[in-house]
Amino acid sequence: MCGICGIVQRGGRIVRPSAAARIERMVRALDHRGPDDVGIAVSSRAALGATRLAIRGVSNGHQPFVDPPTGVTVVCNGEIDNHAELRAWLEERGRAVHLATDAAVIPGLYLELGEAFVERLVGAFAVAVWDPRADRLLLARDRTGERPLFFLRHPDFVVFASELAALASDPTLTLTRDRDSLGAYLRSGLFASPSTPFAEVRKVAPGETVTFDAAGVRRRRYWRWSVGTTPKGPPNEERFDAIFREAVRRQTEVDVDFGVLLSGGLDSSLVATVARRLRPERPLLAYTVRFREASYDEGRVADRVAHRLGIRSIPVWIEPEQFPEQIRELVATVGEPLADPAWVPTAMLCRRAAADVKLALTGEGADEIFGGYPTYLGARWASRYARLPGPLRALVARILRRWPPSDRKVALSFLLKRFVDAAEMEGLTRHVLWTSQISPVLLRRLGATRPFEPPEDRPQGDLLDLVQRADLEGSLAEGLLTKADRASMAHGMEVRAPFLDVGVIEYAASLPPEARVRGLSTKVFLKRYALRYLPGSIVHRRKRGLSVPLASWMRGPLHGWVRSRLADERLEAAGVRPAAALDVLEEHRLRTADHSRALWTLVVLVEWLRWTAERSSRGEEGGADRPESHAVVLVPVPPGPGGRRTASRERGSGGRAPTPIHPST
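Here the structure is a predicted model, which means the values were calculated and not measured.

Conventions adopted
- Residues numbered from 1 in each chain as written.
- Predicted model: local features only at pLDDT ≥ 70, side-chain atom pairs only at ≥ 80, totals over all residues.
- Heavy atoms only, no water.
- Buried < 20%, exposed > 50% of the residue type's maximum accessible area, 1.4 Å probe, protein only.
- Helix = DSSP H or I, 4+ residues; strand = E, 2+ residues; numbered from the N terminus.
- Pairing = 2+ DSSP bridges.
- Contact = heavy atoms within 4.5 Å.
- Phe/Tyr/Trp six-rings, centres within 6.5 Å; stacked < 30°, edge-to-face > 60°.
- Patch = residues over 30% accessible without salt bridge, like charges linked within 9 Å, V, L, I, M, F, W, Y side chains within 5 Å.
- Areas by Shrake-Rupley, 256 points an atom, 1.4 Å probe, with all protein chains shown as cover.
- Salt bridge = Lys/Arg side-chain N within 4 Å of Asp/Glu carboxyl O.
- Axes fitted to C-alpha atoms, helices over the stretch in contact; angles between N-to-C directions.
- Parallel < 35°, antiparallel > 145°, perpendicular 65-115°, else oblique.
- Left-handed = near helix turned anticlockwise from the far one by under 90°.
- Nonpolar A, V, L, I, M, F, W, Y, C, P; charged D, E, K, R; others polar.

Chemist: Mind laying out the pairing of strand β2 (residues 37-42), listing which residues take part and the relevant values?
Modeler: Counting buried residues along β2, six of its six residues qualify, which places the element largely inside the surrounding structure. Here β2 shows a buried face lined by Asp-37, Gly-39 and Ala-41 and a second buried face lined by Val-38, Ile-40 and Val-42. Of the pairings in the sheet, the one linking β2 to strand β3 (residues 46-52) comprises six bridges and is antiparallel in character. Bridge assignment links Asp-37 to a residue of β3, and that residue is Arg-52. Linking two consecutive strands that pair antiparallel, namely β2 and β3, is a turn of three residues.

Chemist: Now, about the environment of Leu-173: what can you tell me, with residues and values included?
Modeler: The residue Leu-173 is located in the loop between α4 (164-168) and α5 (179-188) in this model. Judged by its relative accessible area of 6%, Leu-173 falls in the buried class. For the pair formed by Leu-173 and Leu-152, sequence separation is 21 residues and the distance between their alpha carbons is 9.1 Å. Discounting residues that sit within four places of it in the chain, Leu-173 has contacts with Phe-157, Val-159, Leu-167 and Arg-615.

Chemist: Describe the packing of aromatic side chains, listing the residues and the values that go with them.
Modeler: Counted by the stated rule, this structure contains 21 aromatic pairs. For the pair Tyr-185 and Phe-191, a centre-to-centre distance of 5.5 Å together with 15° between the ring planes defines the contact as stacked. Their ring planes at 80° and their centres at 5.5 Å tell us that Phe-240 and Phe-370 sit as a pair that is edge-to-face. One end of the pair, Phe-240, is in helix α6 (residues 237-251); the other, Phe-370, is in helix α11 (residues 366-370), and 130 residues separate them in sequence.

Chemist: Lay out a nonpolar patch on the surface in plain terms, naming residues and giving numbers.
Modeler: On the surface, Leu-392, Leu-395 and Ile-399 cluster together into a nonpolar patch covering about 250 Å² of accessible area. As for its placement among the helices and strands, Leu-392 is situated in helix α13 (residues 390-401).

Chemist: Summarise the side chain of Arg-290; cite the residues concerned and give the values.
Modeler: Structurally, the position occupied by Arg-290 is in strand β14 (residues 284-290). Judged by relative accessible area, Arg-290 falls into the buried class, the value being 11%. Setting aside chain neighbours within four positions, we find Arg-290 in contact with Asp-297, Gly-299, Arg-300, Asp-303, Pro-315, Val-316, Trp-317 and Ile-318.

Chemist: Please set out the sheet that holds strand β13 (residues 258-261) residue by residue, giving values where relevant.
Modeler: Read from one edge of the open sheet, five strands run β15-β14-β13-β16-β17, paired in parallel fashion. Because the sheet does not close on itself, it has two edges, and the strands there are β15 (312-317) and β17 (494-496). When the angles between neighbouring strand axes are averaged without regard to direction, this sheet yields 30°. Looking at chain direction, β13 and β14 are connected through four bridges and run parallel. Among the inter-strand pairings, Val-260 is bridged to a residue of β14, identified as Ala-286. Most of the contacts of helix α8 (residues 299-309) go to β14, to which it runs at about 170°, and overall it touches β14 and β15.

Chemist: Summarise the packing of α6 against helix α18 (residues 502-509); cite the residues concerned and give the values.
Modeler: With their axes 8 Å apart at the nearest point, α6 and α18 run at an angle of 155° to one another. With respect to α18, the element α6 is oriented roughly antiparallel. Along this stretch, α6 crosses α18, giving a crossing that reads as left-handed. Of the residues in α18, those touching α6 at Arg-239, Phe-240, Ile-243, Phe-244 and Ala-247 are Gly-503, Val-504 and Tyr-507. Residue composition of the contact of α6 with α18, grouped by class: six nonpolar, one polar and one charged.

Okay, here's the thing in structure tokens:
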């Protein structure tokens, strides 16, 4: 894992030596992503930087990677799980890879295959390749979006980075809030690719390459989950077992100790069990979020799983008083809002795990590809509900809307109210509304001018296939995986998801719909398979997920803090009236309704708006006051078109912060 960044001049313009100082500024903003090493490569038209968290090839993996004969320069954030096969393939072609780290295969692979090299990579990665021979910059993101990559395109240059805060550390870059994107955030709680909260910044989508050269800008989806078109076959547990075990084996074939983020649920328990069987000689620690509220706490069940595996379970207790400071720090560290309340406990869990390990496995992705969410039941049952007589549906809706809100985790009342509110809509549109953060009715009350927009892409096919792919590319890639990446890398630790291995995903796509959801049962095939590793009490336990008792906290210990944030006039920048937001909070306090998801979405947005205001007011010092952790090592880049320019600069010496110079000057 790493943080990567770079500036590439366009149209043959020359990068001045001061570009290294600009990259240093961004690299410092990415310190948390790579505490083990830092490097910068500067050539005539490009400057690329990387911070490194060493997982494979710990002592032999310095970035950027430079190919001496061509000047091709590569930076990579992530892990290449099939690097051994790729090394052998390259060696057969006379391109021996001498560095031990897995990402070192990328330069040779690019030189052999060109832009198609990314299709050969298996793993979680974000890659940037600068090819001075063709004046070409290529950016690529892994298939499911486990690793992030942002870019800003200017007429004179392109700048990219792993996190928005790194781009925002450059005071010469003009960044303005994108009101349309912020409106979409209010609906979904995230930013779907290519949008970001800044109008000038775009995001590489999962499974996409973005190429900048003399021909312009080309975006290409090199992979997309073909669940709707993959030939279906009978489920085969033996075949899947081999695929899943290989995914776990590759992801645990590392040079550092690793752990597992363990809940009491099926997915993380299955990952932990398979990892333990494959690596019995390795120490394995389990980290579990704990809550005082019984319906939210999965610690006892997780302890039973850990005890069964003979591994130590480490609890991380979450208290409401921790939330204000934690969410403020997270937003400032990464530079973007994310409305998942589990972001905070996940970050606290990762901070504790990072004291022991550099890598932790998680069960993320299993629900999306194997059909585990209650909303997938709705996708199968909505058509039957729609066939009921209109008066009967109206009666059911009235009864459900009068059901009082509950502070319990995954309250049935909340799910059923969402179901009847959207039951009359078209299938994919209905699913988007079911999974939204703030309902259209509430958005209109808050003042949003565009409260809800149906999805533009409405392909034909089985509805379950369509909603699963929508979740994989939306709420998983830009929500749950964003949470996992930002929470873990804020503390210099990597999180990996074996269920998102390409072999596992493509096998899941081959399952017929009834092997995923049947009647009132979800994850039908995966549960049957898991019984070979886990007891039925775990496999068939009701799905809970990592949720936070915000509903009760916002009526109690967090009420004053939430109220202070909702009263902030900066909300108007996103089209929200603070007075209306305070009215919604009061309804929630009086238990007239459960508005906790909507309120948290607004609170996180306010924290981001406050951060952007602070950045503007102080001219953003670019992280000059951040602690220095290691020296920047400049990589000599061989002469290419326009010659070579390098420099060296020691960090942590107490010297003055680099002077900001626009890359086009």
